[in-house]
Amino acid sequence: FMLDIGLGDERTKEHFINYYDNLGYLDTGIFGTDVVTRLLFKYGRGDIAYRLLIADTPHGFGRWKNEGATTFREYWGKSRSHSHPMFGSVVAYLFEHILGIKYHTDWSNQPKTEISPANIPDIKWAKGSITTPYGKISVSYTNDDGEMNVKSNIV
């Protein structure tokens, strides 16, 4: 949270990155999961963010997937609600960083789109789209040993 509000320095940032790189899983709740994921992508460490998100650990979406979950749960452990938005904030980062769709409107409400997927070696391919008021933005790519072949379409 310190880094997210602009406190700390390069040492704080490096400690944060090294901590999660070595830990290998999320040790966070609903707010921290969002902050950790967002900051790792911001600092160019999408590889760590991705590894944490797919981890098959007590605090990992990979565990939910392997248990057959098709929705987000209320909390990491066994939960009462199996359709809950508590951990849903990270979904936006899948579009913004994994697919690389950076879409916004400028001060005059003109759409601005940039396609720049994070080059994460463990992700061999990705495909998806978002629908905006100005049309559908689709992206697909393959990643062969760090060489990405990206295709995008805005309709």
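Residues numbered from 1 in each chain as written. Predicted model: local features only at pLDDT ≥ 70, side-chain atom pairs only at ≥ 80, totals over all residues. Heavy atoms only, no water.

Undergrad: Any chance you could explain the packing of aromatic side chains here in plain terms?
TA: Any aromatic ring pair is given by two values, namely how distant the centres are and how the planes are angled relative to each other. Within the structure shown, the criterion is met by eleven aromatic pairs. Aromatic side chains Phe16 and Tyr43 sit 6.3 Å apart centroid to centroid with 80 degrees between the ring planes, which places their arrangement in the edge-to-face category. Note that Phe16 is positioned in helix α1 (residues 10-23) and Tyr43 in the loop between α2 (30-42) and α3 (46-54), a separation of 27 residues in sequence. For Phe16, a relative accessible area of 11% puts it in the buried group. Here the aromatic rings of Phe61 and Phe87 are separated by 6.3 Å at their centres, their planes lie at 80 degrees, and the arrangement is edge-to-face. Linking Phe61 in helix α4 (residues 61-66) with Phe87 in the loop between α4 and α5 (91-98), this pair joins segments that are 26 residues apart in sequence. Residue Phe87 is classed as buried on the basis of its relative accessible area, which comes to 2%. Grouping aromatic residues by their ring pairs yields a cluster made of Phe61, Trp64, Phe72, Trp76 and Phe87. (Phe/Tyr/Trp six-rings, centres within 6.5 Å; stacked < 30°, edge-to-face > 60°. Helix = DSSP H or I, 4+ residues; strand = E, 2+ residues; numbered from the N terminus. Buried < 20%, exposed > 50% of the residue type's maximum accessible area, 1.4 Å probe, protein only.)

Undergrad: Looking at this structure, I do not really get the sheet that holds strand β3 (residues 125-132). What am I missing?
TA: In spatial order, the strands read β3-β4-β5; together these three strands make up an open sheet with antiparallel pairing. Both edges of this open sheet fall to β3 and β5 (147-154), since each of them pairs with a single strand only. Each adjacent strand pair in this sheet contributes to an overall mean axis angle of 10 degrees, direction not counted. Relative to β5, strand β4 (residues 135-144) runs antiparallel, the two sharing eight bridges. For Thr142, the partnering residue across the bridge sits in β5 and is Asn149. (Pairing = 2+ DSSP bridges. Axes fitted to C-alpha atoms, helices over the stretch in contact; angles between N-to-C directions.)

Undergrad: Where do I start with the packing of α2 against α5 in this structure?
TA: Helix packing geometry: the angle between the two helix axes and the distance between the axes. One way to put it is that α2 packs onto α5 with a least axis distance of 11 Å and a crossing angle of 5 degrees. Classified by the angle their axes make, α2 and α5 are roughly parallel. In this structure, α2 contributes Asp34, Thr37, Arg38 and Phe41 to the contact, and α5 contributes Tyr93, His97 and Ile98. Residues of the contact of α2 with α5, tallied by class, amount to three nonpolar, two polar and two charged. (Parallel < 35°, antiparallel > 145°, perpendicular 65-115°, else oblique. Contact = heavy atoms within 4.5 Å. Nonpolar A, V, L, I, M, F, W, Y, C, P; charged D, E, K, R; others polar.)

Undergrad: What am I meant to see in α3 here?
TA: Because each turn of an α-helix spans 3.6 residues, side chains separated by three or four positions end up pointing in the same direction. When α3 is considered as a whole, its buried residues turn out to be Gly46, Ile48, Ala49, Leu52 and Leu53. Buried positions in α3, seen along its axis, are confined to an arc of 160 degrees and lie on one side of it. Where the residues of α3 are buried, they touch α1, α2, α4 and α5. (Arc of directions from axis to C-beta.)

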